[in-house]
Amino acid sequence: MKKVLTIAGSDCSGGAGIQADLKTFSAHGTYGMSVITSVVAENTCKVTSIHNVPINIIEDQLDAVFTDIEPDAVKVGMLSNEQVIHAVAEKLKQYQVKNAVIDPVMIAKGGCALMQPEAHEALVKEMIPLSYLLTPNIPEASEILKMDINSIEDMKKACELIHRLGAQNVLVKGGHFEGDPTDVLYDGTKFYCLTGKRIDSKNTHGTGCTLSSAIAANLANGLSLEQAVKQGKDYVTNAILYTTPIGHGHGPTNHFYKWFHN
């Protein structure tokens, strides 16, 4: 069994963050591990409060995993401030992590900021160069590059610019555009435009976390980058399609739709 680590914040409502990541790892037949960076009080409607885990505890969690169990892939999600980014970056370099899928989580589904604005520069300088794959959505890519993204061509340009910042591969997600969502994958040489099916559902809480975790699990299982992304997108589409409404806002996806769905 392949081993996958998530480094991210927790979501007490279970739809995003660490909880979504671990469910996704299990659904892909991998052994999931977690390093919690922040404890987030949230539900399908809003984020109430955020408590950042002390840096030494984050570092101790990372050391505990890496000195005993070598992950085959690592997913990085919510890193709320400069200090957390620096600590995680140093550990990724220390342990020479290779399959790092980094999801630059900046804003929750309800609009709450999950990364302090002053941490954006640290993300660009310290985390992006460590990513095997960076998976920003359009607002995140726009914030990273300080540019407007209004078309597929803009998405391709954003991929190139983020690649120049040090990411080995870039996936700019197009779900914020109308119509069927098209994501653009760039490997430094070639573009892949991956169009999925738009599901008419408000149950999309944690889709970014789930996609990046599915890609990490697929990479750990030996898939090529293109196949890891394609299968990850298919997994998220079905997790939305076969979801059961939970909560009063943006409900979670069904991570175990292959076994349980209406």
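Anything mentioned here points back to the structure above.
Caption draft 1: Highlighting the overall build of the protein. For the protein, the helix and strand inventory stands at 8 helices and 9 strands. Its C-alpha atoms give the protein a radius of gyration of 17 Å, within 12% of the compact-globule value 18 Å for 262 residues. Going through the 262 residues of the protein one by one, you find that 52% of them count as buried. Of all intrachain contacts in the protein linking residues separated by at least 6 positions in sequence, the fraction that spans at least 24 positions is 67%. Treating the 22 positive side-chain charges of the protein as one cloud and the 28 negative ones as another, the clouds have centres 5 Å apart.

Caption draft 2: Main features of the layout of surface pockets. Approximately 180 Å³ is the volume attributed to the second largest pocket. Considering the residues around the second largest pocket, the lining is formed by Phe66, Glu70, Pro71, Asp72, Ala73, Tyr95, Gln96, Val97, Lys98 and Asn99. Considering only residue class, the lining of the second largest pocket consists of 5 nonpolar, 2 polar and 3 charged.

Caption draft 3: Summary view of the sheet that holds strand S4 (residues 73-76). Spatial ordering of the open sheet is given by S3-S2-S1-S4-S5-S6-S7-S8-S9, a layout of 9 strands whose pairing is mixed. Of all strands in the sheet, those bounded by a partner on one side alone are strand S3 (47-52) and strand S9 (191-195). Pairing analysis gives 9 bridges linking strand S1 (residues 3-11) to strand S2 (residues 31-42), with the strands arranged parallel. Note on S2: the bridge partner recorded for Ala8 is Ile36. Relative to S1, helix H1 (residues 17-27) is tilted by about 150°, and along the sheet it contacts S1, S2 and S4.

Caption draft 4: Focus on unusual backbone geometry. Phi is positive for Gln96, which is not a glycine, with a value near 50°. With respect to the secondary-structure elements, Gln96 resides in the loop between helix H3 (82-94) and strand S5 (100-102).

Caption draft 5: Structural detail: the nonpolar core. If you look at the biggest cluster of nonpolar residues, it comprises 43 residues, and the most contacted ones within it are Leu5, Ile7, Val88 and Met127. Setting aside its immediate chain neighbours within four residues, Ile7 contacts Val35, Thr37, Leu62, Val74, Lys75, Val76, Gly77, Met78, Leu79, Val88 and Leu92.

Caption draft 6: The side chain of Thr6, seen in detail. For Thr6, the position within the fold is in strand S1. Taking relative accessible area as the criterion, Thr6 reaches 0% and is therefore assigned buried.

Caption draft 7: Just the environment of Leu134, in detail. Counting through the fold element by element, Leu134 comes out in strand S6 (residues 133-134). On a C-alpha basis, the gap between Leu134 and Cys159 in space is 9.4 Å, while along the polypeptide they are 25 residues apart. Sequence-distant contacts of Leu134, that is, excluding residues within four places in its chain, are made with Ile102, Pro104, Ile128, Ile144, Ile162, Ala167, Asn169, Val170 and Leu171.

Caption draft 8: Representation of helix H8 (residues 225-241) within the structure. In a regular helix each residue adds 1.5 Å, so 17 residues correspond to 24 Å; H8 covers 24 Å between its end C-alpha atoms and thus fits that length. Taken together, the buried positions of H8 are occupied by Leu225, Ala228, Val229, Gly232, Lys233, Tyr235, Val236, Ala239 and Ile240. Taken down its axis, H8 places every buried residue within 160° of arc, on the same side.

Caption draft 9: Quick look at the environment of Thr6. Sequence separation of Thr6 and Ile102 is 96 residues, and the distance between their C-alpha atoms is 9.9 Å. Once residues within four sequence positions are removed from consideration, Thr6 is found in contact with Ile18, Asp21, Leu22, Phe25, Met33, Ser34, Val35 and Lys75.

Caption draft 10: Spatial organisation of the pattern of salt bridges. In the structure shown here, the tally under the stated rule is 10 salt bridges. A salt bridge links Lys91 to Asp63, with the shortest nitrogen-to-oxygen separation between them at 2.9 Å. In this pair, Lys91 is assigned in helix H3 and Asp63 in helix H2 (residues 55-66), connecting sequence segments 28 residues apart. Lys233 is paired through a salt bridge with Asp183; the nearest N and O atoms lie 3.0 Å apart. Here the residue Lys233 occupies a position in helix H8, and Asp183 occupies one in strand S8 (residues 182-186), the gap between them amounting to 50 residues. One exposure class covers both Lys233 and Asp183, and it is buried.

What counts and how
Residues numbered from 1 in each chain as written. Predicted model: local features only at pLDDT ≥ 70, side-chain atom pairs only at ≥ 80, totals over all residues. Heavy atoms only, no water. Helix = DSSP H or I, 4+ residues; strand = E, 2+ residues; numbered from the N terminus. Rg over C-alpha atoms; globule rule 2.2 N^0.38 Å. Buried < 20%, exposed > 50% of the residue type's maximum accessible area, 1.4 Å probe, protein only. Contact = heavy atoms within 4.5 Å. Lys, Arg positive; Asp, Glu negative; His and termini not counted. Charge placed at Lys NZ, Arg CZ, Asp CG, Glu CD. 1 Å grid on protein atoms, 1.4 Å probe; cavity = no way out; pocket = protein on both sides within 12 Å on 5 of 7 lines; lining within 4 Å. Points joined across faces, edges and corners; volume = space filled by probe spheres on them. Nonpolar A, V, L, I, M, F, W, Y, C, P; charged D, E, K, R; others polar. Pairing = 2+ DSSP bridges. Axes fitted to C-alpha atoms, helices over the stretch in contact; angles between N-to-C directions. Core = buried A, V, L, I, M, F, W, Y, C linked by side-chain atoms within 4.5 Å. Expected span 1.5 Å × (residues − 1). Arc of directions from axis to C-beta. Salt bridge = Lys/Arg side-chain N within 4 Å of Asp/Glu carboxyl O.

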